[in-house]
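Observations on the model geometry
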Amino acid sequence: MSGAAGGEGGSGDPAARWGRWKLLALGLLSASSVLAAAPGAGAMSREEKRRLGNQVLEMFDHAYSNYMDHAYPADELMPLTCRGRVRGQEPSRGDVDDALGKFSLTLIDTLDTLVVLNKTKAFEDAVKNVIKDVNLDNDIVVSVFETNIRVLGGLLGGHSVAIMLKEKGEYMQWYSGELLHMAKQLGYKLLPAFNTTSGLPYPRVNLKFGLRSPEARTGTETDTCTACAGTLILEFAALSRFTGTSIFEEYARKALDFLWEKRQRNSNLVGVTINIHTGDWVRKDSGVGAGIDSYYEYLLKAYVLLGDDRFLERFNTHYDAIMRYISQPPLLLDVHIHKPMLNARTWMDSLLAFFPGLQVLKGDIRPAIETHEMLYQVIKKHNFLPEAFTTDFRVHWAQHPLRPEFAESTYFLYKATGDPYYLEVGKTLIENLNKYARVPCGFAAMKDVRTGSHEDRMDSFFLAEMFKYLYLLFADKEDMIFDIEDYIFTTEAHLLPLWLSTTNQTMSKKNTTTEYTELDDSNFEWTCPNTQILFPNDPMYAQSIREPLKNVVDKSCPRGVARVEESFGSGPKPPLRARDFMASNPEHLEILKKMGVSLIHLKDGRVQLVQHAIQAASSLDAEDGLRFMQEMIELSSQQQKEQQLPPRAVQIVSHPFFGRVVLTAGPAQFGMDLSKHNVGTRGFVATSKPYNGCSEITNAEAVKEKIALMQRGQCMFAEKARNIQKAGAIGGIVIDDNEGSSSDTAPLFQMAGDGKNTDDIKIPMLFLFNKEGNIILDAIREYEAVEVLLSDKAKDRDLEMENMDQKSSENDSHKQRPEETSTSQDLSLVSQEPEGEESSDVTHLNSLSPVDADSDGISISNQESCITEIHEANVQETESTELDNQPQEQSHIETDSSSNVNWDNKVQPMESILADWNEDIEAFELMEKDEL
């Protein structure tokens, strides 16, 4: 987001427009000082702000130094195993790995962050490392979008601050534009992706061989996301302005022009995915989150940086549509571009957290405050923002890869309002990062916010954006060595100087075919908004907007009556609601037929509903049919989720782990319900004999008052539980016998009973995949006495025990090496199977991914045909078994993560890694004193 927060600049002369933009920033800061000084505003002391700013610096040092010490020159740090992530030497993570190009991604992405954080000497060293070590000519296929915003943007941001420092005369006096030369080299390597008739780029390109040639291994794709094609103009235009080579800006403008022409003309919305050859929309849902987000951001910022009025006109047209259809305060819900009054899904993804910050830049403060507050309430419930959450604020995708978008919006809202409330929000973010994500070798992404388990990743954007926004939130102007208002932030928070607007301008031909919608909203005036309009002389303005939303998550957010009535129009209400539907009612079936909905009984006992709009009696009936199908999808999803048991946690709490290793475990449908026991079950582990636990336990003394470990197989889970319970165990963990299985790649298991009454089983039982189970087994071999906590979610680390151990032990403690794992599974179908083999006891939780999931696994296609499957129990008031004959599939890891791989010289044995723990534990003790 731009360093100058809030409102629109005027059109006309770029220099004058830039000046007005800076005056607006000063006006907003003046309003900020009024609010900050207001009685009762609870202003944070300067000392507290400085302390938190220093805390951010320490956290950055912890992450950056561990990357440089244990991962560089690899692209990213794996903070749990304390080594670099080298593409091709780790199991593939799919599209996520397209950001990795063997070009020291994290270092390049962090360059200008070092200067923002006043680490000029470290910046100078980093630039020298990039110039000396980074190779951009690798034979590797990378994402055009990610390479542009992270690497090209990182090089340009680094160049921008390098020339600024050189001009100041103290640092970088040797610098001669080497980063800009590398940026230009990379720009030329990305240009082959634009070889399409539409001008939209291919989503991937080979850095060495480009496209289409046999060596390139890419160039056959047909689709790309709107954000992928529409988030190029800032970096490409800056490259053209810096170098005087206009081709980059021309290509980026052409892509933006094509997307604008392909917008849905009635709604003025764009879809998520588009065919790069034909321009047809592949995914016709529209929102402000994943797949579209930064397209809108770059339209407004392109106007700020380049001064082209057309970008502002386009943004205003889209923004009007967003506020008309997508914004349902405080929610932002995806809709269909052709039927914008119909919601496309019932959940939101975390990437939309950037939007309040963009609204600040736009000057539309009230909805920004509302949405931000809703997101903050979700964070307070889950510690982090889940990758996706439902309209009633339940977890939909449980991961959190330490995304910075919410911190970004927090920073800009504080810039615009000066409300110290947002400093407290930032303080909460710092505390949660240190308490839940910090590990001895950096900061680890959350695999599951419900259990607190980690994932072995620390993405480059964490260093590029998170620490930048958090530091700026608490920094005063005198804390900075340059004026941040002279720069605009790219979507990756890289700094581009505003003076580029008057340098090497590209004169593009005016698009005479474009038609703009007449807009009457006062926010779309061509002048900077008066700060008295944004803040009507009320120091409590922001608080008055937030207050009604304080309990929005706990109480769930009721859909606005006005919106519901609006969605149904002024006509009669739908003739049939999903909750009232009965498949055995002839009258209901007749109504369905009129709405173009047909009912099919499947052989497996389910009922499938199919809607064809063209078969409806009228267009109004077709609309009713679509609404009915949407309701049925939500109803079916809700009923499925009510059947699910959430994942559980196995937390190793003994020395030297102290709760830092959290393994996600599959629950059991029998035994103690850990969700009803806040303290969980804590005890030392012991291996049962026989290991399968299928007969009387022969080492009863060894497992008595302990948590028994057993191997899956040869009998039912309930039988294992009864045997160890009889031997005196206080709990049980079943470890998968399928070598290499992992919750990273396989759906989570639920352990079902044996078809008999299981009320006699009182102890808790959990299931671990092979990889996670081996973590415990390895710990036993290393330390003998291993204590774990079985619970519904990870508990706070046992700092008291950790401190006691630190005082009493010598400096040879060992740290865990294994990757901590969890799951993002969300939906469960419970199945009772025959008693023959143990796999019949296990039920998969359906795995959802951000790429493939569509409305909780039930699809609506093309808005002309809608299909959903429901159980007979959902549509008839009769009892029915639940998918008794449904086949189950098991996903196995395709690449053995434990295979022997050459890790260059970055692999460290456990003993070597743990040698640095004393220093880290001291840091944790200091943070405890600071109430972190």
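Residues numbered from 1 in each chain as written. Predicted model: local features only at pLDDT ≥ 70, side-chain atom pairs only at ≥ 80, totals over all residues. Heavy atoms only, no water.

**Some thoughts on the overall build of the protein**
The helix and strand inventory of the protein stands at 28 helices and 34 strands. Taken across its 932 residues, the protein has 62% of its residues classed as buried. Expressed as a percentage of contacts within the protein between residues at least 6 apart in sequence, the contacts between residues at least 24 apart total 75%. Carbon and sulfur atoms form 48% of the exposed surface of the protein, whose accessible area is close to 35100 Å². (Helix = DSSP H or I, 4+ residues; strand = E, 2+ residues; numbered from the N terminus. Buried < 20%, exposed > 50% of the residue type's maximum accessible area, 1.4 Å probe, protein only. Contact = heavy atoms within 4.5 Å. Areas by Shrake-Rupley, 256 points an atom, 1.4 Å probe, with all protein chains shown as cover.)

**Description of the packing of helix 8 (residues 233-243) against helix 10 (residues 293-306)**
In the contact formed by helix 8 and helix 10, the axes pass within 10 Å of each other and the chain directions differ by 20 degrees. Taken together, the axes of helix 8 and helix 10 lie roughly parallel to each other. In contact with I233, L234, E235, A237 and R241 of helix 8, helix 10 contributes Y298, K301, A302, L305 and L306. Considered class by class, the residues forming the contact of helix 8 with helix 10 number 7 nonpolar, no polar and 3 charged. (Axes fitted to C-alpha atoms, helices over the stretch in contact; angles between N-to-C directions. Parallel < 35°, antiparallel > 145°, perpendicular 65-115°, else oblique. Nonpolar A, V, L, I, M, F, W, Y, C, P; charged D, E, K, R; others polar.)

**Details of the pattern of salt bridges**
Opposite charge on two side chains permits them to pair, given that their charged atoms come into close proximity. Under the defined criterion, the tally for this structure stands at 47 salt bridges. Where R46 meets E478, a salt bridge forms, and the shortest distance between an N and an O atom there is 2.9 Å. On the criterion of sequence distance, the pair formed by R46 in helix 2 (residues 46-70) and E478 in the loop between helix 16 (460-474) and strand 19 (487-489) is long-range, its members being 432 residues apart. The salt bridge involving D285 is made with R283; its shortest N-O contact spans 2.6 Å. (Salt bridge = Lys/Arg side-chain N within 4 Å of Asp/Glu carboxyl O.)

**Some points on the sheet that holds strand 30 (residues 787-791)**
By definition, the strands of a sheet pair up through backbone hydrogen bonds, in either a parallel or an antiparallel sense. Spatially, 24-23-30-25-26-27-29 is the arrangement adopted by the 7 strands of the open sheet, whose pairing is mixed. Only two strands of the sheet have a single neighbouring strand rather than two, namely strand 24 (661-665) and strand 29 (765-768). Strand-to-strand twist across the sheet, computed as the mean angle between neighbouring axes with direction ignored, equals 30 degrees. Inspection of the sheet shows strand 27 (residues 731-735) paired to strand 29 by 4 bridges, in the parallel sense. Opposite I735, over in strand 29, you have L768 as the bridge partner. (Pairing = 2+ DSSP bridges.)

**Thoughts on the pairing of strand 30**
Here strand 30 lies mainly inside the structure; 5 of its 5 residues are buried. On strand 30, burial covers both faces: E787, L789 and S791 on one face and V788 and L790 on the other are all buried. Note: strand 25 (residues 681-687) against strand 30, 4 bridges, orientation antiparallel. By the bridge assignment for strand 30, G683 is matched with V788.

**Examining the side chain of D75**
For D75, the location among the structural elements is in the loop between helix 2 and strand 1 (76-78). Within the structure, D75 has its side chain in polar contact with the backbone nitrogen of K102 (distance 2.7 Å). For D75, the side chain forms a polar contact with the main-chain nitrogen of S104, separated by 3.1 Å. With residues near it in sequence (within four places) discarded, D75 still touches Y67, R85, L100, G101, K102, F103, S104, L105 and T106. (Polar contact = N/O pair within 3.5 Å; in protein donor to acceptor, adjacent residues only side chain to side chain.)

**Observations regarding the packing of helix 2 against helix 16**
Where helix 2 contacts helix 16, the two axes come as close as 8 Å, and the packing angle between them is 165 degrees. Here helix 2 is positioned roughly antiparallel relative to helix 16, judged by the angle of their axes. Judged by the twist between their axes, the crossing of helix 2 over helix 16 is left-handed. Residues K49, L52, G53, V56, L57, M59, F60, A63 and Y64 of helix 2 pack against L463, F467, L470, Y471 and F474 of helix 16. Here the contact of helix 2 with helix 16 is built from residues that sort into 12 nonpolar, 1 polar and 1 charged. (Left-handed = near helix turned anticlockwise from the far one by under 90°.)

**Quick word on the environment of I763**
Mapped onto the fold, I763 is located in the loop between strand 28 (749-751) and strand 29. When sequence neighbours within four positions are dropped, the list of residues in contact with I763 reads G671, M672, A721, I724, Q725, A729, I730 and G731.

**Brief notes about the side chain of D459**
Relative to the elements of secondary structure, D459 occurs in the loop between strand 18 (453-455) and helix 16. On the accessibility criterion, D459 (3% relative accessible area) is buried. In terms of polar contacts, D459 uses its side chain to reach the side chain of R457, at 2.8 Å. In contact with D459, not counting residues within four places along its chain, are E76 and P401.

**Some thoughts on the nonpolar core**
Ranked by internal contacts, the top residues of the largest apolar core, which has 181 residues, are F123, L433, F443 and F467. Per element, the largest residue contribution to this core is 11 residues, and it comes from helix 5 (residues 144-168). With sequence-adjacent residues up to four places away left out, F467 is seen in contact with V56, M59, F60, A63, L117, F443 and F462. (Core = buried A, V, L, I, M, F, W, Y, C linked by side-chain atoms within 4.5 Å.)

**Remarks on unusual backbone geometry**
Cis geometry marks the peptide bond from P329 to P330; its omega dihedral reads 5 degrees. Examined against the element boundaries, P330 turns out to sit in the loop between strand 9 (327-328) and strand 10 (331-332). Notably, N118 is not glycine yet its phi reads approximately 65 degrees, a positive angle. Within the secondary structure, N118 is located in the loop between helix 3 (105-116) and helix 4 (120-133). The phi dihedral of F393 falls on the positive side, at around 70 degrees, and the residue is not glycine. Note that F393 resides in the loop between strand 13 (388-390) and strand 14 (395-397).

**Considering the packing of aromatic side chains**
Applying the stated criterion across every chain, the model contains 31 aromatic pairs. Pairing F236 with F248 gives two aromatic rings, centres 6.1 Å apart and planes at 85 degrees, and the pair type is edge-to-face. With F236 in helix 8 and F248 in helix 9 (residues 247-261), this pair connects stretches of sequence that are 12 residues apart. Note on F236: relative accessible area 0%, which makes it buried. For F248, a relative accessible area of 0% gives the class buried. When the ring of Y469 is compared with that of F489, the centres are 5.6 Å apart and the planes differ by 85 degrees; the resulting orientation is edge-to-face. Here Y469 is found in helix 16, whereas its partner F489 is found in strand 19, with 20 residues between them in sequence. For Y469, a relative accessible area of 0% corresponds to the buried category. The rings of F60, Y64, F443, F462 and F467 are connected pair by pair, giving a single aromatic cluster. Above the ring of Y422, the side-chain terminus of R546 is found at 5.2 Å from the ring centroid. (Phe/Tyr/Trp six-rings, centres within 6.5 Å; stacked < 30°, edge-to-face > 60°. Lys NZ or Arg CZ within 6 Å of the ring centre and 35° of its normal.)

**Description of the state of the cysteines**
Considering all chains together, one arrives at 3 disulfides under this definition. Disulfide partner of C225: C228, at an S-S distance of 2.1 Å. Negative torsions about the S-S bond denote left-handed disulfides, and the value of about 90 degrees found for C225 with C228 makes this one right-handed. Considered together, C225 and C228 belong to a single accessibility category, that of buried residues. Residue C694 pairs covalently with C715 via a disulfide, S to S 2.1 Å. What sets the handedness of the C694 and C715 disulfide is the S-S torsion sign, and at about -85 degrees it is left-handed. Remark: C715 occurs in the loop between strand 26 (707-711) and helix 23 (717-726) and C694 occurs in the loop between strand 25 and helix 22 (700-703); sequence separation between them is 21 residues. (Disulfide = S-S within 2.5 Å.)

**Section: the sheet that holds strand 7 (residues 281-283)**
Taking strand neighbours across the sheet as the criterion, the 3 strands line up as 5-6-7 in an open arrangement whose pairing is antiparallel. Here the strands that pair on one side only, and so sit at the sheet edges, are strand 5 (223-225) and strand 7. Each strand axis lies, on average, 35 degrees off the axis of its neighbour in the sheet, ignoring direction. With 2 bridges connecting them, strand 6 (residues 273-275) and strand 7 associate as antiparallel partners. Looking at the pairing, I274 lines up with W281 of strand 7.

**What about the confidence of the model for the protein?**
On average, residues of the protein score 79 in pLDDT, and 73% of them are at 70 or above. Contacts for the low-pLDDT stretch residues 1-12, under 50 throughout, to residues beyond four places or in other chains number 71 contacts. Below pLDDT 50 for its whole length, residues 926-932 participates in 11 contacts with residues either more than four positions away or in separate chains. (pLDDT = per-residue confidence, 0-100.)

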